[in-house]
Amino acid sequence: VVVSLARLIELAEQFGRVCGEEAKTLREIEAGTYTPKPQVTLTSAELVYKTCKPCPKCEHRIEKNGGCRHMVCARCRHEFCWSCLKPHRECGNFQCSKPPVVESFRPELQEAIRMVKECYDPASEQDARSLPRLLAQMVEYAAKFLRPEGGEEPDEREKARAVERMGELESAARFRQDREREELWRRRQLRESRERELERGREVDATKRLAIAQQLAGDAVREQEAAKQGEGVRQSDSTDIAGSKGQEQG
């Protein structure tokens, strides 16, 4: 795995809007216009409200440091989803990414849940496989060690971490490409299926039009034959009438 600024930019842009801010920062590093943002120091209480969520049952603050979305409160043993905060039996999705719906909680909890939506930063989760978090870590690495104008020399530990994170980003990129190719194949199959249905519909319509045309032609022939028969009957009636008149005159 090669750790380079150019490849990081490619990956960040490939992930699209999910990592748009990271891609912009990497471009600034490449252009030499990047200015590190000042570190904001939070108090312990602010840090808790920034990085922890309340148990939906007892409001005990919980920090997530890895694993799936299925959480168990250490105080009351309530099982719930880390993302939507619903009871685990109602959500049941270990990879849920839905935000909590404030109105779905009891009134005394709604203010705490609303605070979660307003204050909680998903990027602060200690989830090593989160794309924004991985790229944020690599942005820090690039700003320190991969600047075009010459950065510091990373030690072996930093290099190893960067290679590991880069490998995870490459795996995520391959997974995304495979999913996009699969989606493209499904859309192509759906389009071809619809085109076949449309063609069959056209064939059916053509057959129907031919049958209607044949029916109309048959009706026209029958009308002509009926008209001829009616003319013959009228001529026969005229002849009979004329004969009758001649006999009466004789």
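Residues numbered from 1 in each chain as written. Predicted model: local features only at pLDDT ≥ 70, side-chain atom pairs only at ≥ 80, totals over all residues. Heavy atoms only, no water.

From N to C terminus, the protein chain includes seven helices and four strands. Reading the protein chain from its N terminus to its C terminus gives the helix and strand order α-α-α-β-β-β-β-α-α-α-α. In the protein chain, which comprises 250 residues, the proportion classed as buried is 25%. Once local pairs closer than 6 in sequence are excluded, the contacts in the protein chain between residues at least 24 apart make up 52%. On the protein chain, roughly 17,700 Å² of surface is accessible, and the fraction owed to carbon and sulfur atoms is 50%. (Helix = DSSP H or I, 4+ residues; strand = E, 2+ residues; numbered from the N terminus. Buried < 20%, exposed > 50% of the residue type's maximum accessible area, 1.4 Å probe, protein only. Contact = heavy atoms within 4.5 Å. Areas by Shrake-Rupley, 256 points an atom, 1.4 Å probe, with all protein chains shown as cover.)

Moving on to the side chain of K53. By the secondary structure assignment, K53 is in strand β1 (residues 52-54). Given the relative accessible area of 6%, K53 is considered buried. At 2.6 Å, the side chain of K53 forms a polar contact with the backbone oxygen of W82. (Polar contact = N/O pair within 3.5 Å; in protein donor to acceptor, adjacent residues only side chain to side chain.)

Below, the discussion takes up the packing of aromatic side chains. Tallied over the full model, the rule gives one aromatic pair. Here Y141 and F145 contribute two aromatic rings whose centre-to-centre distance is 4.9 Å and whose plane-to-plane angle is 55 degrees, an arrangement assigned as tilted. With Y141 and F145 both in helix α6 (residues 131-145), this residue pair falls four residues apart, about one helical turn. A relative accessible area of 8% places Y141 in the buried class. In this structure, K53 is placed above the aromatic ring of W82, and the distance from its NZ or CZ to the ring centre is 4.8 Å. (Phe/Tyr/Trp six-rings, centres within 6.5 Å; stacked < 30°, edge-to-face > 60°. Lys NZ or Arg CZ within 6 Å of the ring centre and 35° of its normal.)

Core analysis: the biggest nonpolar cluster contains 22 residues, and L8, F15, L26, I29, L135, M138 and L169 have the highest contact counts within it. Listed by contribution, the elements that provide at least two residues to this core are α1 (5-14), α2 (20-31), α6 and α7 (156-249). The dominant element in this core, judged by the number of residues it contributes, is α6, at eight residues. The next biggest cluster of nonpolar side chains, apart from the first, holds twelve residues, and it includes C55, M71, L85 and V116. (Core = buried A, V, L, I, M, F, W, Y, C linked by side-chain atoms within 4.5 Å.)

Two measures define how a pair of helices packs: the angle their axes make with one another and the distance between the axes. Relative orientation of the contacting elements α1 and α2 amounts to 155 degrees, with a least axis distance of 9 Å. Here α2 runs roughly antiparallel to α1, going by the angle between their axes. In terms of crossing hand, the pair formed by α1 and α2 is left-handed. Contact with α1, carried on its side by L5, L8, I9, A12 and E13, involves A23, L26, R27, I29 and E30 of α2 and no other residues of that element. (Axes fitted to C-alpha atoms, helices over the stretch in contact; angles between N-to-C directions. Parallel < 35°, antiparallel > 145°, perpendicular 65-115°, else oblique. Left-handed = near helix turned anticlockwise from the far one by under 90°.)

Attention now goes to the pattern of salt bridges. Considering all chains together, one arrives at nine salt bridges under this definition. Notably, a salt bridge pairs R7 with E170, separated by 2.8 Å at the nearest N-O pair. Of this pair, R7 sits in helix α1 while E170 sits in helix α7, placing them 163 residues apart in sequence. On the basis of relative accessibility, which here comes to 24%, the residue R7 falls in the partly exposed class. Residue classification places E170 among the buried residues on the basis of a relative accessible area of 15%. Where E153 meets K159, a salt bridge forms, and the shortest distance between an N and an O atom there is 3.5 Å. With relative accessibility at 64%, the residue E153 sits in the exposed group. (Salt bridge = Lys/Arg side-chain N within 4 Å of Asp/Glu carboxyl O.)

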